[in-house]
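# Summary of the model geometry
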Number of protein chains: 2
Amino acid sequence: MATRTGAWAAVAAAAVVAVLSAALALYGSPLDAVLKRAFSLHNAHSVKGMEDALQLVRNIVPPLTAKKHKGQDGRVGVVGGCREYTGAPYFAAISALKVGADLSHVFCTQEAAPVIKAYSPELIVHPVLDSPDAVHDVGKWLPRLHALVVGPGLGRDDVLLSNVKDILEASKARGIPIVIDADGLWLIAQQPALIQGYQKAVLTPNHVEFSRLSEAVLGDPLDGQDRRGAVLRLSQALGNVTVVQKGERDVISDGKQDAHAGTHTLCQPWSLQQSVPMSGPAGKSEVTLGGPSSTRAPPPQCWECSQEGSGRRCGGQGDLLSGSLGVLVHWALQAGPERTDGFSPLLVAAFGACTLTRQCSHQAFQKHGRSTTTTDMIAEVGPAFSRLFET
Amino acid sequence: MATRTGAWAAVAAAAVVAVLSAALALYGSPLDAVLKRAFSLHNAHSVKGMEDALQLVRNIVPPLTAKKHKGQDGRVGVVGGCREYTGAPYFAAISALKVGADLSHVFCTQEAAPVIKAYSPELIVHPVLDSPDAVHDVGKWLPRLHALVVGPGLGRDDVLLSNVKDILEASKARGIPIVIDADGLWLIAQQPALIQGYQKAVLTPNHVEFSRLSEAVLGDPLDGQDRRGAVLRLSQALGNVTVVQKGERDVISDGKQDAHAGTHTLCQPWSLQQSVPMSGPAGKSEVTLGGPSSTRAPPPQCWECSQEGSGRRCGGQGDLLSGSLGVLVHWALQAGPERTDGFSPLLVAAFGACTLTRQCSHQAFQKHGRSTTTTDMIAEVGPAFSRLFET
């Protein structure tokens, strides 16, 4: 009988294993994630902090209900796409859709439009950015847009940059949140006043773009040893515009004090005061920052995202980030600070977009290795978003 | 020992059930559908009604036989596609093909044509809608078309709308069934007489489009509490044009009396007289409608489609519906009322298209979650159609 009992146990175990294996083989990702979460307790402290930060992002994700109408979960506009560059605005706009926007517009040049249209029937592409009426042609859509992503594939043509300058002014006048990347940041480096003090703006510079901005705004050569301090100084010098410096870790700050400093442990793994001591900010920002010592006022908050990504650095990943961020910024502002536990909605949105982009890169790399391109990463937006934010 | 064996068996069964439940919670669709089909008998009455309604749709689907020639199962034309919009007419036209039309034409502007052509080699795309001879250029194709879908990606350019007005007149003169959506409905809101009394027309407004039409035709602000009454009034005011108001549930009516009222239970779950009592229609429609009381003439029929869809509201789903409806309207009219058990063929076609669109949305969402776009839904047309209408 003991043997029979053992046989029953074996059958039971085999059945469970078979079902689990079949389910894993069929569906891979979610079950995999569940199991991973279940067995990640060896790193409880880190997981807890990460989980809490991810929870803030989850809090801003709008529920999908049968009662909603088209457009309510986000109408995003991407400003970019010119003679040379057509992929970047496509990557940004399709990423916005795949994160969960309902409608995704691209405002590009006449010449770029048919190509961007042909990449995907999901996008609404307006061939207006080099027209004499560009500002009017884009401006009439602004009342319908929840967020603008400015820069992917924009290029540096003077006429286009001049049009984009006026589009930025019109968008600011309407209070539309604006993500600025790529050659949009080139424009800001030429004319920082364009974005000065507009606290619904998020800049997403990579290493080179950050150096250029830092030089233009602060006159500082970039101190590679103090990335946090550099991000803080730039953000504060721009009047608390949110800055996301992309890199080995993404550093995010709006230069403001952490609302929870000293009383709240929620996000300490990413907040300035807890990890590596920051070297004192130099020059004009010193007083505002409160200096490096914890005996002064609470230090400004500075988050870091170190979600595992991949070593691939193919072009287009920044567009995935900026497009995703366009949606998340809208959701975060709509949710408001009560859903983000008092943290800046833009910081939460930026953390979400950085985490998502890195997770997409990671998942794509697992499948495609060195041959991974941005298209492979965009194919991971759905599963990555679900794994990170819908569990 | 027998007890122990039983305990093992119970553990085994519990484990399998737990894993199955977890899998169901995570993945929904395939397992879920199988179990639902197997165990839905607790709600036999409702399932029976739904099944009967689906059977009416099945009755109009033409058999595929070796004796048929190209074109016999449907030649559908989509009128739309302009400077900004190229995705919408593609979605409508490809959906028509995937539902089962043999040929799918798009009549669009010169500029939009190459892009729409590039989306798919399956479509026949005519770059004529902004030509001075647009009406002639489209008109010469009308004798070969079984149904017209007017509006996807049409835009609001005055020249285009004027051409479409004349195309509508020419199509009516030939008795061609016409589905009108999107900016085609904008045109109808400007000139309701264009469609007045044409009982081979089906309008498919969403929430915003319905409000605009209702305001234009009835001068009524939309009463969100009485969607059925609103749809009935609009349909009757337009001379019994079939109206499909898309929403949390799709409400469908041609404003006519239910041929089976009081004698037939077939479609009662969707017919007006059985579910929530309708508030009495106001104003000019009161006498025609017969009022809210069942002591008067049988009330007009009003169907609802509440097939499970998804919470995704990305752009393009309406095009899937209008394109599918183009084919189904042709099939339903060809089948005639004897195949639809005396119900209006257009109501049956509309119910079929709504059910199919929701099922596509549901299936796509099960696979892609929040990242679902219309392209994912169109990929489900085949399996969804088969599951609903070919069992």
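Residues numbered from 1 in each chain as written. Chains lettered and ligands numbered in written order. Predicted model: local features only at pLDDT ≥ 70, side-chain atom pairs only at ≥ 80, totals over all residues. Heavy atoms only, no water.

## Some points on the packing of helix α12 (residues 317-335) of chain A against helix α13 (residues 345-368) of chain A
Residues and elements named next belong to chain A. Where α12 meets α13, the closest approach of the two axes is 8 Å, and the angle between their N-to-C directions is 145 degrees. Both α12 and α13 take part in a crossing whose hand is right-handed. Packed against α12, whose contacting residues are Gln317, Leu320, Leu321, Ser324, Leu325, Leu328, Val329, Ala332 and Leu333, the element α13 presents Pro345, Leu346, Ala349, Ala350, Gly352, Ala353, Cys354, Leu356, Thr357, Cys360 and Ser361 at the interface. Taken together, the residues of the contact of α12 with α13 sort by class into 15 nonpolar, 5 polar and no charged. (Axes fitted to C-alpha atoms, helices over the stretch in contact; angles between N-to-C directions. Helix = DSSP H or I, 4+ residues; strand = E, 2+ residues; numbered from the N terminus. Left-handed = near helix turned anticlockwise from the far one by under 90°. Contact = heavy atoms within 4.5 Å. Nonpolar A, V, L, I, M, F, W, Y, C, P; charged D, E, K, R; others polar.)

## Focus: helix α4 (residues 87-99) of chain A
Since one α-helical turn is 3.6 residues long, residues separated by three or four positions face the same way. All names here are of chain A. Between its terminal C-alpha atoms α4 stretches 18 Å, which fits the 18 Å expected from 13 residues at 1.5 Å a residue. Here α4 lies mainly inside the structure; 12 of its 13 residues are buried. Residues Ala88, Pro89, Tyr90, Phe91, Ala92, Ala93, Ile94, Ser95, Ala96, Leu97, Lys98 and Val99 constitute the buried set of α4. Looking one or two places after α4, you find glycine 100, whose phi comes out positive at around 140 degrees. (Expected span 1.5 Å × (residues − 1). Buried < 20%, exposed > 50% of the residue type's maximum accessible area, 1.4 Å probe, protein only.)

## Some details on the confidence of the model for chain A
All names here are of chain A. Summarising the model, chain A shows a mean pLDDT of 83, and 76% of its residues fall at 70 or more. Taken together, the stretch residues 10-47 has pLDDT below 50 and engages in 27 contacts with residues farther than four places along the chain or on a different chain. Under a pLDDT of 50 for its full length, residues 262-296 has, in the predicted model, 57 contacts with residues more than four places off or in other chains. Across the interfaces of the predicted complex, the ipTM metric reaches 0.80, alongside a pTM of 0.82. (pLDDT = per-residue confidence, 0-100.)

## Details of the side chain of Ser104(B)
Turning to its location among the elements, Ser104(B) is positioned in strand β2 (residues 103-108). Look past the residues within four positions of Ser104(B) in its chain and what remains in contact with it is Val76(B), Ala93(B), Ala96(B), Leu97(B), Leu123(B) and Ile124(B).

## A look at the nonpolar core
The biggest cluster of nonpolar side chains holds 63 residues, and the ones touching the most others in it are Leu123(B), Phe351(B) and Leu356(B). In terms of residue count, the dominant contributor to this core is helix α13 (residues 345-368) of chain B (11 residues). Ile60(A), Val78(A), Ile378(A) and Val381(A) belong to the second-largest nonpolar core, a separate cluster that totals 61 residues. (Core = buried A, V, L, I, M, F, W, Y, C linked by side-chain atoms within 4.5 Å.)

## Concerning helix α12 (residues 317-335) of chain B
Residue and element names in this part refer to chain B. The end-to-end C-alpha separation of α12 is 27 Å, in line with the 27 Å expected for 19 residues at 1.5 Å each. Burial analysis of α12 places 17 of its 19 residues in the buried class, which makes it a mostly covered element. Downstream of α12 by one or two residues, glycine 336 has phi in the positive range, about 85 degrees.

## Comments concerning the side chain of Thr357(B)
Residues and elements named next belong to chain B. Of note, threonine 357 is situated in helix α13. Exposure remark for threonine 357: the relative accessible area of 9% places this residue in the buried category. Among the polar contacts listed, one links the side chain of threonine 357 to the backbone oxygen of alanine 353, at a separation of 2.7 Å. If near-sequence neighbours (up to four positions away) are discounted, threonine 357 is found in contact with Gln317, Leu320 and Leu321. (Polar contact = N/O pair within 3.5 Å; in protein donor to acceptor, adjacent residues only side chain to side chain.)

## Topic: the environment of Leu356(A)
All names here are of chain A. Mapped onto the elements, leucine 356 comes out in helix α13. A relative accessible area of 0% places leucine 356 in the buried class. Residue contacts for leucine 356: discarding those within four places in its chain leaves Val99, Ser324, Val381, Ala384, Phe385, Leu388 and Phe389.

## Considerations on the sheet that holds strand β5 (residues 178-180) of chain A
All names here are of chain A. Taken in spatial order, the 9 strands make up an open sheet running β3-β2-β1-β4-β5-β6-β7-β8-β9, and their pairing is mixed. In this open sheet, the two strands that pair with only one neighbour each are β3 (124-127) and β9 (303-305). For this sheet, the mean inter-axis angle between neighbouring strands, taken without regard to orientation, is 20 degrees. One ladder, built from 4 bridges, connects strand β2 (residues 103-108) with β3; its direction is parallel. Its bridge partner being in β3, phenylalanine 107 is matched across the sheet by histidine 126. Along the sheet, α13 makes contact with β6 (201-203), β7 (242-245), β8 (250-253) and β9, crossing β9 at roughly 15 degrees. (Pairing = 2+ DSSP bridges.)

## Thoughts on unusual backbone geometry
In this structure, Ala182(A) is a non-glycine residue whose phi angle is positive, near 50 degrees. By secondary structure assignment, the location of Ala182(A) is in the loop between β5 and α8 (183-190). Although it is not a glycine, Asn240(B) sits at a positive phi angle of roughly 65 degrees. Within the secondary structure layout, Asn240(B) lies in the loop between α10 (227-237) and β7 (242-245).

## Here we look at the packing of aromatic side chains
This structure, assessed with the given rule, holds 12 aromatic pairs over all chains. Here the aromatic rings of Tyr90(A) and Phe91(A) are separated by 5.6 Å at their centres, their planes lie at 50 degrees, and the arrangement is tilted. Accessibility classification places Tyr90(A) together with Phe91(A) in one group, the buried group. A centroid spacing of 5.1 Å and a plane angle of 50 degrees characterise the contact between Tyr90(B) and Tyr119(B), whose relative ring orientation is tilted. One end of the pair, Tyr90(B), is in helix α4 (residues 87-99); the other, Tyr119(B), is in helix α5 (residues 113-119), and 29 residues separate them in sequence. With a relative accessible area of 13%, Tyr90(B) lands in the buried category. The rings of Tyr90(A), Phe91(A) and Tyr119(A) are connected pair by pair, giving a single aromatic cluster. Positioned over the ring face of Trp141(B) is Arg144(B), at 4.4 Å from the centre of the ring. (Phe/Tyr/Trp six-rings, centres within 6.5 Å; stacked < 30°, edge-to-face > 60°. Lys NZ or Arg CZ within 6 Å of the ring centre and 35° of its normal.)

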